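# Report on the structure
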Amino acid sequence: MTRDTPPGPDEALLARLEALPPHVVGEILAGQLIVSPRPASPHSAASFALAMELGGPFQRDRPGPEGWWFFAEPELRLGPDVVVPDLAGWRRSRMPVRRDVPNFTLAPDWACEVLSPSTARVDRTLKKRFYAREGVEYVWLVDPVARTLEVLRRHEDQWLERGAWSGDARVRAEPFDALELALAHFWFSESPEPE
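Residues numbered from 1 in each chain as written. Predicted model: local features only at pLDDT ≥ 70, side-chain atom pairs only at ≥ 80, totals over all residues. Heavy atoms only, no water.

### So, empty space enclosed by the protein
Applying the stated criterion across every chain yields a total of 1 cavity of 30 Å³ or more. When its volume is computed, the largest cavity comes out at roughly 180 Å³. Split into classes, the residues belonging to the lining of the largest cavity amount to 8 nonpolar, 5 polar and 6 charged. (1 Å grid on protein atoms, 1.4 Å probe; cavity = no way out; pocket = protein on both sides within 12 Å on 5 of 7 lines; lining within 4 Å. Points joined across faces, edges and corners; volume = space filled by probe spheres on them. Nonpolar A, V, L, I, M, F, W, Y, C, P; charged D, E, K, R; others polar.)

Structure (structure tokens):
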């Protein structure tokens, strides 16, 4: 059985999205144009730290189980929606080669949303439904203010919680459980780092 290809984004919404100024993030979800401010420093710090932790062992094999491609804020154009996760990863078995493209039409295997007060509601509702519909296997929700990590795995278009951690926990989280992550590295602090 083949899956019918849903129509692309509404042309009028797409034109409004493309006309947005560069200091905002625009997405089209469930027929709505959603505009969010660029992330604040705790959000950016958590996203960058997570990308550094995963990129070495899983993308560059230093040392670890390579086999992934990661992108920061990739634009996903899938069906009628345009979504920008904070981080996304594709198994190389599904995306053997990285290509120079303005947006992706292949759903990632893993998506990470770093929650901000202005985006948390959309990340936890519309975006989770979008990821389930498109077959994303894992979604991570990172909250740099509450200092939490939630790991969700899709099962029959529903999300099952695979773990939730907080504070300075050391965790092994699917699908990257070959690596122990120190959550303390993700959290923003205004005090100097110890030497």
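Picking up where we left off.
### A look at unusual backbone geometry
In terms of backbone geometry, most residues other than glycine have negative phi values and most peptide bonds are trans. A cis geometry characterises the amide bond from glutamate 174 onward to proline 175, with omega recorded as 0°. For glutamate 73, which is not glycine, the phi torsion reads 50° and is therefore positive. Checked against the element boundaries, glutamate 73 lands in the loop between β3 (68–72) and β4 (76–78). One non-glycine residue, arginine 147, lies in the positive phi region at around 60°. For arginine 147, the location among the structural elements is in the loop between β8 (138–143) and β9 (148–155). (Helix = DSSP H or I, 4+ residues; strand = E, 2+ residues; numbered from the N terminus.)

### Observations concerning helix α1 (residues 11–18)
Every buried residue of α1 is accounted for by Leu13, Leu14 and Leu17. The arc that holds every buried residue of α1, seen down its axis, measures 100°, which confines them to one face. Exposed and oriented more than 90 degrees from the buried face of α1 are Glu11, Ala12 and Arg16. Tucked inside the fold, the buried residues of α1 contact β1 (24–29), β2 (32–37), β4 and β5 (81–83). Capping the start of α1 is the job of one residue whose side-chain oxygen sits 3.1 Å from the backbone nitrogen of alanine 12: aspartate 10. (Buried < 20%, exposed > 50% of the residue type's maximum accessible area, 1.4 Å probe, protein only. Arc of directions from axis to C-beta. Contact = heavy atoms within 4.5 Å. Polar contact = N/O pair within 3.5 Å; in protein donor to acceptor, adjacent residues only side chain to side chain.)

### Considering the layout of surface pockets
It is the rolling of a water-molecule-sized probe over the atoms that shows where space remains empty. When its volume is computed, the largest pocket comes out at roughly 230 Å³. Lining the largest pocket, in full, are Leu17, Glu18, Leu20, Pro21, Val24, Val25, Gly26, Arg38, Glu73, Glu75, Arg77 and Val84. Every element with two or more residues in the lining of the largest pocket is listed here: α1 and β1. It is β1 that contributes the most residues to the lining of the largest pocket, 3 residues altogether. Across the lining of the largest pocket, the residue classes tally to 6 nonpolar, 1 polar and 5 charged.

### Looking at the side chain of glutamate 113
Turning to its location among the elements, glutamate 113 is positioned in strand β7 (residues 110–114). For glutamate 113, the side chain forms a polar contact with the side chain of lysine 127, separated by 3.1 Å. Within the local environment of glutamate 113, its side chain forms a polar contact with the side chain of tyrosine 131, the two groups lying 2.5 Å apart. Apart from residues no more than four positions distant in its own chain, glutamate 113 is found in contact with Val84, Pro85, Asp86, Asp123, Lys127, Tyr131, Trp140, Leu141 and Val142.

### Description of the nonpolar core
Among the nonpolar cores identified, the biggest contains 24 residues, and Leu29, Leu76, Trp90, Phe130 and Tyr131 are the most heavily contacted of them. When residues of this core are traced back to their parent elements, those giving at least two are β3, β4, β6 (87–91), α3 (120–133) and β8. Counting residues per element, this core draws most heavily on α3, which supplies 5 residues. Setting aside its immediate chain neighbours within four residues, phenylalanine 130 contacts Leu29, Leu76, Leu78, Asp81 and Val83. Grouped together as the second largest cluster of nonpolar side chains are 23 residues, Leu54, Leu87, Cys112 and Val171 included. (Core = buried A, V, L, I, M, F, W, Y, C linked by side-chain atoms within 4.5 Å.)

Read these as geometric descriptors, not functional statements.
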